[in-house]
Amino acid sequence: MSLRYAMLGLLADRPASGYDLLQRFKVSLANVWSATQSQIYTELGKLADAALIAVSDEGPRGRKEYTITEAGLAELRHWLTDTRPKRVIRNETLLRVFFLGAVSHAEAADYLDGIAVRSGKAQVELLALKESVDWDDNDFSRYGRIAMEWGERFHAMNEEWARWATEQIPED
């Protein structure tokens, strides 16, 4: 269901084609939400059928540009202000940590080191993305930077935690 609102949010910023939305997911929402091309185009059809978006321009080769409608903007605002996010309960990484006693100490340390390495790499990728974005003074950029800061802090915390956790494992 959140894909619907991610797309409405992107279209509230500015009109876009399905391809444009896919690129914006890769660049601006990669840290928060992912979507495949088929998911985006399927959701565009659903949003149009529900009159939450409308085709605002048609180009060559059937390219369609979509704009959020007043009903779509109302739906987005309702989701933002009147509903609460679902709490994520599942974390496969931590579930595996919980059961690391079933493997050798060296394998447990390797697993935790992998978390630290992946988190460090994710931080580097976010910093590169941050540098590549042409930030504006508009709301989309402002709140995008806030979301990106969360990602940076999240990955920094995961890396720090994984290094600490590795130190908690006794030698074999």
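For the structure, check the block above.
Residues numbered from 1 in each chain as written. Predicted model: local features only at pLDDT ≥ 70, side-chain atom pairs only at ≥ 80, totals over all residues. Heavy atoms only, no water.

1. Focus: the packing of helix α1 (residues 2–13) against helix α3 (residues 37–49)
Interhelical geometry of α1 versus α3 gives an angle of 80° and a closest axis separation of 10 Å. Comparing the axis directions of α1 and α3 gives the class roughly perpendicular. Contacts from L3, R4, M7 and L8 in α1 reach Q39, I40, E43, L44, K46 and L47 in α3. (Axes fitted to C-alpha atoms, helices over the stretch in contact; angles between N-to-C directions. Helix = DSSP H or I, 4+ residues; strand = E, 2+ residues; numbered from the N terminus. Parallel < 35°, antiparallel > 145°, perpendicular 65-115°, else oblique. Contact = heavy atoms within 4.5 Å.)

2. Side note on the nonpolar core
Within the largest apolar cluster, 22 residues are counted, with the highest numbers of intra-cluster contacts made by M7, L8, L21, F25 and I40. Of all the secondary-structure elements, those providing two or more residues to this core are α1, α2 (18–28), α3, β3 (64–68) and α4 (70–82). At seven residues, the largest contribution of residues to this core is made by α1. If we ignore the near neighbours within four places in the chain, the residues touching L21 are M7, L10, L11, A16, I40 and L44. In this structure, A109, I115, A116 and A165 belong to the second largest nonpolar core, which totals ten residues. (Core = buried A, V, L, I, M, F, W, Y, C linked by side-chain atoms within 4.5 Å. Buried < 20%, exposed > 50% of the residue type's maximum accessible area, 1.4 Å probe, protein only.)

3. Overview of a negative patch on the surface
On the surface, E107, D110, E171 and D172 cluster together into a negatively charged patch. Inspection of the secondary structure assignment puts E171 in the segment after α7 (139–167). Since its relative accessible area comes to 76%, E171 is described here as exposed. (Patch = residues over 30% accessible without salt bridge, like charges linked within 9 Å, V, L, I, M, F, W, Y side chains within 5 Å. Areas by Shrake-Rupley, 256 points an atom, 1.4 Å probe, with all protein chains shown as cover. Salt bridge = Lys/Arg side-chain N within 4 Å of Asp/Glu carboxyl O. Lys, Arg positive; Asp, Glu negative; His and termini not counted. Charge placed at Lys NZ, Arg CZ, Asp CG, Glu CD.)

Everything listed is a geometric property; what it means functionally is a separate question.
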